[in-house]
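# Descriptive structure summary
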Amino acid sequence: SRRLGIVTALSCAAVLALPSASAQVANVLFFEDFDGGSIDPEKLQPDAPFFEGGQGDISAELVGGEVQFTGEVTEQWWAGAPLPIVPSFQATVENDIVVSVDRVEEAGVGTASRSALWILDETQTKYVLFADVRGEGGWHYNRKIGQAGDQPTGGGANIDAFDGADWDDQGPHRMKAVANGSTVKLYLDDEFGAEVSFPFSEYVFHIGSYARSTNDLADTIFDNLKVESVAVAVFGETQLTLTYG
């Protein structure tokens, strides 16, 4: 009957399979906004440069709620001033480690200069150096892990995704590196640039500024340095029942 047909329709059900989804859960392990009167030695401690052995008087100080690196090269090549984060951080199977910083300005003068974000192993002898290399092609990375393909010094490997006027303006960009125990992924303003082999799970992070040749000037400003542990929670396939009516 017509009434029976309506009852039958009301009792029908559709079963839908939903694909898996994921959500990132972040835990802030370290944060420095540089709003204090001086660099906090419990968070950051200046260190001696080690990139190419150059000498100079480049150093960091807090200026207007930001950290500014300035100084001059007295002996080439690539004198600079690293500012390491004091604690180290460890990636696990469940958690990636993400370090990010606002590169506010790169205003070095001379043949070349660079804004540097270092990702190092716990011994600080292996590294990925993510940098804006003004005067030598823009955004590059150097890698030293003792494997084929290393470019531990010099201008490094170009990041093709960050070529062009939008990236090579020496202005504000958010630099980010995601380390998972086997690789490091490099981002600018949350845009992916490159994935670099880095088979280490414990990390030390530095920010810094470098200038290339004798009489070149370093001038780099950073702000809002952060390290996070990011877990990916995966929700598996399930079934959802929808009943008509």
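To be clear, the structure that these remarks concern was listed above.
The structure reproduced in this document is the subject of the present report.

What counts, and at which threshold
- Residues numbered from 1 in each chain as written.
- Predicted model: local features only at pLDDT ≥ 70, side-chain atom pairs only at ≥ 80, totals over all residues.
- Heavy atoms only, no water.
- Helix = DSSP H or I, 4+ residues; strand = E, 2+ residues; numbered from the N terminus.
- Buried < 20%, exposed > 50% of the residue type's maximum accessible area, 1.4 Å probe, protein only.
- Contact = heavy atoms within 4.5 Å.
- Polar contact = N/O pair within 3.5 Å; in protein donor to acceptor, adjacent residues only side chain to side chain.
- Pairing = 2+ DSSP bridges.

## What to know about the overall build of the protein
The helix and strand inventory of the protein stands at one helix and 18 strands. For the protein, the residues scored as buried account for 41% of the 245 residues in total. Long-range contacts, defined as pairs at least 24 residues apart, comprise 69% of the intrachain contacts of the protein with a sequence gap of at least 6.

## Some words on the environment of Ser-213
Tracing the chain through its elements places Ser-213 in the loop between strand E16 (202-211) and strand E17 (217-235). It is 8.0 Å that separates the C-alpha atoms of Ser-213 and Ala-79, two residues lying 134 residues apart in sequence. Sequence-distant contacts of Ser-213, that is, excluding residues within four places in its chain, are made with Val-73, Gln-76, Trp-77 and Thr-111. In this structure the side chain of Ser-213 is engaged in a polar contact, spanning 3.2 Å, whose partner is the side chain of Thr-111.

## Here we look at the environment of Ile-85
Tracing the sequence through the fold places Ile-85 in the loop between strand E6 (79-84) and strand E7 (89-90). Considered as a pair, Ile-85 and His-206 are 121 residues apart in the sequence and their alpha carbons are 6.0 Å apart.

## A few points about the pairing of strand E11 (residues 138-144)
Along E11, five of the seven residues are buried, which leaves the element largely enclosed by surrounding structure. Note that strand E10 (residues 127-134) and E11 share seven bridges and pair antiparallel. Looking at E11, one finds that Val-133 is bridged to Gly-138. What sits between E10 and E11 in their antiparallel hairpin is a turn of three residues, with Gly-135 showing a positive phi close to 95°.

## Re unusual backbone geometry
A cis amide bond links Gln-76 to the next residue, Trp-77, at an omega of 15°. Its identity is not glycine, yet Trp-78 carries a phi of approximately 50°, on the positive side. With respect to the helices, strands and loops of the structure, Trp-78 is situated in the loop between strand E5 (66-75) and E6. Looking at Trp-78, the relative accessible area reads 2%, which means it is buried. The phi dihedral of Asp-190 is positive, around 65°, even though this residue is not glycine. By relative accessible area, Asp-190 is classed as exposed at 57%.

Read these as spatial facts, not as claims about activity.
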